[in-house]
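Reading the structure
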Amino acid sequence: MKKSHPVRRAVLAGAATVSGIVLLLSLKPASDPGSASAAGGAVPPAAEAPQGGRGVGTGTVTGDAADTQYGPVQVRLTVSGGKVTRAEAVQAPKGGQSDQVTADAVPKLNQAAVTAGTADIDAVSGATYTSAGYQQSLQSALDKAAAAGSAGEGSGGSGGGGSGEAAGEGSGGAGQGTQVLTGDVTQTQYGPVQVRVTVSGGKITNAETLQAPKGGRSDQVTADAVPKLNQAAVTAGTADIDAVSGATYTSAGYQQSLQSALDKAGG
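Fair warning: this is a prediction, and the values are worked out from it, not measured in the lab. (Residues numbered from 1 in each chain as written. Predicted model: local features only at pLDDT ≥ 70, side-chain atom pairs only at ≥ 80, totals over all residues. Heavy atoms only, no water.)

**A look at the overall build of the chain**
When helices and strands are tallied, the chain shows 8 helices and 8 strands. Classification of the 267 residues of the chain by burial places 34% in the buried group. Put simply, of all contacts in the chain between residues at least 6 apart along the chain, 48% involve residues at least 24 apart. Surface exposure of the chain reaches about 14,800 Å², of which carbon and sulfur atoms provide 55%. (Helix = DSSP H or I, 4+ residues; strand = E, 2+ residues; numbered from the N terminus. Buried < 20%, exposed > 50% of the residue type's maximum accessible area, 1.4 Å probe, protein only. Contact = heavy atoms within 4.5 Å. Areas by Shrake-Rupley, 256 points an atom, 1.4 Å probe, with all protein chains shown as cover.)

Listed below in structure tokens is the structure:
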């Protein structure tokens with residue numbers, strides 16, 4: 001009977017060792033700091049964060065034109081579900097060497113804008129001015145998208161259930177709340193024309209010209225015509241306004257860009 005004691009102790013020691021190893025193995029995954037990220041738990045929020053704060057909804061928004069040493073740059077974004085799904089440069093430097101620079105840089109900048117979802121993108125080598133102008137116009141577009149998203153949430157939240165949702169959608173067409181809308185750039189024989197309007201309660205409360213023909217005789221024509229066109233837009237509340245005498249091309253471009261802005265409001 002005494003000889004069985006060492007055997008019993010060996011068996012008990014072996015069982016204790018196995019239990020300890022099993023316990024250690026079962027605890028290791030929970031203590032591994034890299035296991036959550038490796039499994040993908042923390043990665044999706046980090047990837048979506050840059051785009052998530054840029055407003056809600058779906059639509060197209062055009063940034064303000066940014067003047068550069070080689071010409072204006074203007075960016076238009078398509079936003080869906082609060083994310084940038086497409087970016088395009090509706091204006092970029094052109095003529096001479098600028099044609100090649102633009103052809104090389106703009107596609108890269110467009111892709112970078114979609115990937116980043118913000119204006120914090122790298123400049124394209126050899127296109128410093130174009131890149132800076134692109135970033136400036138891109139930020140302007142993102143700000144407008146964020147503002148539109150906030151306005152939509154605010155108008156939607158004022159109602160209850162289905163009526164609140166309808167009010168949110170109606171903010172574009174029926175003019176609920178206040179919106180600042182930038183029309184597309186219209187090219188005329190004497191230069192581009194672009195209009196921005198403020199719409200409140202479904203009415204145009206302010207109109208301004210972001211771009212108009214300039215240089216030489218155009219300076220005088222623009223100085224005379226633009227204030228009249230802006231006032232006419234506010235008074236009429238539509239793009240059906242009379243052309244200013246002596247500024248036929250500028251007036252036509254103004255009306256076209258104004259209509260584009262109103263279309264974005266659903267008007």
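**Looking at the confidence of the model for the chain**
Residues of the chain with pLDDT of at least 70 account for 67%, and the chain-wide mean is 75. The low-confidence segment residues 155–175 (pLDDT under 50) makes 23 contacts with residues lying over four places distant or belonging to another chain. (pLDDT = per-residue confidence, 0-100.)

**Regarding the pattern of salt bridges**
Enumeration according to the criterion identifies 9 salt bridges in this entry. The closest approach of N and O atoms between Glu88 and Arg76, which form a salt bridge, is 3.3 Å. Here Glu88 is found in strand β4 (residues 83–91), whereas its partner Arg76 is found in strand β3 (residues 71–80), with 12 residues between them in sequence. One network of salt bridges, with partners in common, ties together Arg76, Arg86, Glu88, Asp184 and Lys264. (Salt bridge = Lys/Arg side-chain N within 4 Å of Asp/Glu carboxyl O.)

**Here we look at the nonpolar core**
Among the nonpolar cores identified, the biggest contains 20 residues, and Leu181, Val197, Ile204, Leu229, Tyr254 and Leu258 are the most heavily contacted of them. Counting residues per element, the ones that place at least two in this core are β7 (191–200), β8 (203–211), α7 (217–236) and α8 (248–264). In terms of nonpolar packing, the next biggest core, distinct from the first, is built from 19 residues, Leu77, Val124, Leu138 and Ala145 among them. (Core = buried A, V, L, I, M, F, W, Y, C linked by side-chain atoms within 4.5 Å.)

**Quick notes on the packing of α7 against α8**
Two elements in contact, α7 and α8, have axes separated by 11 Å at closest approach and are oriented at 35°. The hand of the α7/α8 crossing is right-handed. Across from Leu229, Asn230 and Ala233 in α7, the residues of α8 making contact are Thr250, Ser251, Tyr254 and Leu258. Residue composition of the contact of α7 with α8, grouped by class: 4 nonpolar, 3 polar and no charged. (Axes fitted to C-alpha atoms, helices over the stretch in contact; angles between N-to-C directions. Left-handed = near helix turned anticlockwise from the far one by under 90°. Nonpolar A, V, L, I, M, F, W, Y, C, P; charged D, E, K, R; others polar.)

**Topic: the environment of Thr60**
In this structure, Thr60 sits in strand β1 (residues 59–62). Judged by relative accessible area, which is 46%, Thr60 ranks as partly exposed. For the pair Thr60 and Ser80, spaced 20 residues apart in sequence, the C-alpha separation works out to 8.9 Å.

**A word on the side chain of Ser137**
By secondary structure assignment, the location of Ser137 is in helix α5 (residues 128–157). A residue is classified by how much of its surface remains accessible, and Ser137, at 0% relative accessible area, is buried. Of the polar contacts made by the side chain of Ser137, one reaches the backbone oxygen of Asp64; its length is 2.7 Å. Setting aside its immediate chain neighbours within four residues, Ser137 contacts Gly63, Asp64, Ala66, Val73, Gln74 and Val75. (Polar contact = N/O pair within 3.5 Å; in protein donor to acceptor, adjacent residues only side chain to side chain.)

**Let's talk about the environment of Leu258**
Mapped onto the secondary structure, Leu258 falls in helix α8. A residue is classified by how much of its surface remains accessible, and Leu258, at 0% relative accessible area, is buried. A sequence separation of 76 residues divides Leu258 from Thr182, and the C-alpha atoms of the two residues are 8.2 Å apart. Residues within four places of Leu258 in sequence aside, it is in contact with Val195, Val197, Ile204, Ala233, Thr238, Ala239 and Ile241.

**A short note on α7**
Between its first and last C-alpha atoms α7 spans 28 Å; for 20 residues at 1.5 Å apiece the expected length is 28 Å, and the two agree. Maximal helix bending in α7 amounts to about 30°, located at Ala225; proline Pro227 follows within four positions. Three or more residues of α7 are buried, namely Ser218, Val221, Thr222, Ala225, Val226, Leu229, Asn230 and Ala233. Those residues of α7 that are buried are in contact with β8 and α8. Remark: Gly237 follows α7 within two positions and exhibits a positive phi of approximately 75°. (Expected span 1.5 Å × (residues − 1). Bend = angle between axes of the 7 residues up to and from the residue.)

**Observations concerning the packing of aromatic side chains**
Taken as a whole and judged by the stated rule, the model has 2 aromatic pairs. A ring pair is formed by Tyr70 and Tyr129, whose centres lie 5.5 Å apart and whose planes are at 70°; its orientation type is edge-to-face. Taken as a pair, Tyr70 in the loop between β2 (66–68) and β3 and Tyr129 in helix α5 lie far apart in primary sequence, 59 residues in all. You can call Tyr70 partly exposed: its relative accessible area is 47%. Aromatic pair Tyr190 and Tyr249: ring centres 5.5 Å apart, planes at 70°, arrangement edge-to-face. Of the two residues, Tyr190 is situated in the loop between β6 (186–188) and β7 and Tyr249 in helix α8; the sequence distance between them amounts to 59 residues. For Tyr249, a relative accessible area of 43% gives the class partly exposed. (Phe/Tyr/Trp six-rings, centres within 6.5 Å; stacked < 30°, edge-to-face > 60°.)

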